[in-house]
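Geometric and topological summary
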Amino acid sequence: MKEKLFHPKLQLLVRVVLGGILVYASWHKIADPPDFAKIIYNYSLFPEASLHTFAGFVPWLELVAGLALITGIGLRGGALMAAIFFSFFIVALSYNLARECATICGCFDTHESGEGLTDPEKFSKMRREIVFDCSLVVAALYVLVGSLGCCGGGSCDGGSEDAPAPAEEAAA
């Protein structure tokens, strides 16, 4: 069962899709940091003095994590960063939903794209984005666990599945 669940081709597919999502999400933020700073500002979570630092730094981390997932270089770090990013987005969106602060996620949107939406539309979009981000956290954790090497053909202790366990050896 583990061999099918963590099949290398399935792992690769999830890695590339997840990495592609991160690269795509980082693109407009890298291209237009002031727009991303407006989105961060709308979350009302950070001091204004830090907005431009976040807007200039976070998209590059997203890009690096996405490229790590796609290329496999630094795979565990990329998967961990992806899980942390998407978890943070879930918390930030949930916090704004709880305090009835309508905003747009900013993951794939520009600040202008949310200006024409009503508050109920923004709240609905925020809920959908939370569900989507939850699925991305699961995907990132799947890649992370699969990259640990103990969920494929071998056992977690480094031996093969056919090798007897230490207790079995003692009884024999």
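Residues numbered from 1 in each chain as written. Predicted model: local features only at pLDDT ≥ 70, side-chain atom pairs only at ≥ 80, totals over all residues. Heavy atoms only, no water.

1. A look at the pattern of salt bridges
Close approach of charged atoms allows side chains with opposite charge to pair. This model, assessed by the stated rule, comprises two salt bridges. Residues Lys29 and Glu62 are paired through a salt bridge, measuring 3.0 Å at the closest nitrogen-oxygen approach. Here the residue Lys29 occupies a position in helix α2 (residues 8-31), and Glu62 occupies one in helix α4 (residues 51-71), the gap between them amounting to 33 residues. For the pair formed by Lys29 and Glu62, the shared burial category is buried. (Salt bridge = Lys/Arg side-chain N within 4 Å of Asp/Glu carboxyl O. Helix = DSSP H or I, 4+ residues; strand = E, 2+ residues; numbered from the N terminus. Buried < 20%, exposed > 50% of the residue type's maximum accessible area, 1.4 Å probe, protein only.)

2. Digging into the packing of α2 against α4
At a minimum axis separation of 7 Å, α2 and α4 run at an interaxial angle of 155°. Judged by the angle between their axes, α2 and α4 are roughly antiparallel. The way α2 lies across α4 gives a crossing that is left-handed. Two secondary-structure elements touch here, α2 through Arg15, Val16, Leu18, Gly19, Gly20, Leu22, Val23, Ala25, Ser26, Lys29 and Ile30 and α4 through Ala55, Pro59, Trp60, Glu62, Leu63, Ala65, Gly66, Leu67, Leu69, Ile70 and Thr71. Taken together, the residues of the contact of α2 with α4 break down into 14 nonpolar, five polar and three charged. (Axes fitted to C-alpha atoms, helices over the stretch in contact; angles between N-to-C directions. Parallel < 35°, antiparallel > 145°, perpendicular 65-115°, else oblique. Left-handed = near helix turned anticlockwise from the far one by under 90°. Contact = heavy atoms within 4.5 Å. Nonpolar A, V, L, I, M, F, W, Y, C, P; charged D, E, K, R; others polar.)

3. Regarding the nonpolar core
Among the nonpolar cores identified, the biggest contains 40 residues, and Leu18, Leu69, Ala82, Phe86 and Val143 are the most heavily contacted of them. Those elements that provide at least two residues to this core are α2, α3 (33-43), α4, α5 (75-98) and α6 (119-147). Take this core: its biggest share by element is eleven residues, from α5. Among all residues touching Phe86, those that are not within four sequence positions of it are Leu18, Ile21, Leu22, Asp133, Leu136 and Val137. (Core = buried A, V, L, I, M, F, W, Y, C linked by side-chain atoms within 4.5 Å.)

4. Side note on the confidence of the model for the chain
Taken residue by residue, the chain gives an average pLDDT of 83. The fraction at 70 or more is 82%. Across residues 152-163, where pLDDT falls below 50, the model places ten contacts with residues more than four positions away in sequence or in other chains. Under a pLDDT of 50 for its full length, residues 165-169 has, in the predicted model, one contact with residues more than four places off or in other chains. (pLDDT = per-residue confidence, 0-100.)

5. Considerations on empty space enclosed by the protein
A complete count under the given rule lists one cavity of 30 Å³ or more for this structure. The volume enclosed by the largest cavity comes to roughly 30 Å³. Forming the walls of the largest cavity are Ile21, Ala25, Glu62, Phe86, Phe89, Cys107, Phe108, Phe132, Asp133 and Leu136. Those elements giving two or more residues to the lining of the largest cavity turn out to be α2, α5 and α6. Ranked by the residues each element gives to the lining of the largest cavity, the list is headed by α6, at three residues. In the lining of the largest cavity, the residues fall into eight nonpolar, no polar and two charged. (1 Å grid on protein atoms, 1.4 Å probe; cavity = no way out; pocket = protein on both sides within 12 Å on 5 of 7 lines; lining within 4 Å. Points joined across faces, edges and corners; volume = space filled by probe spheres on them.)

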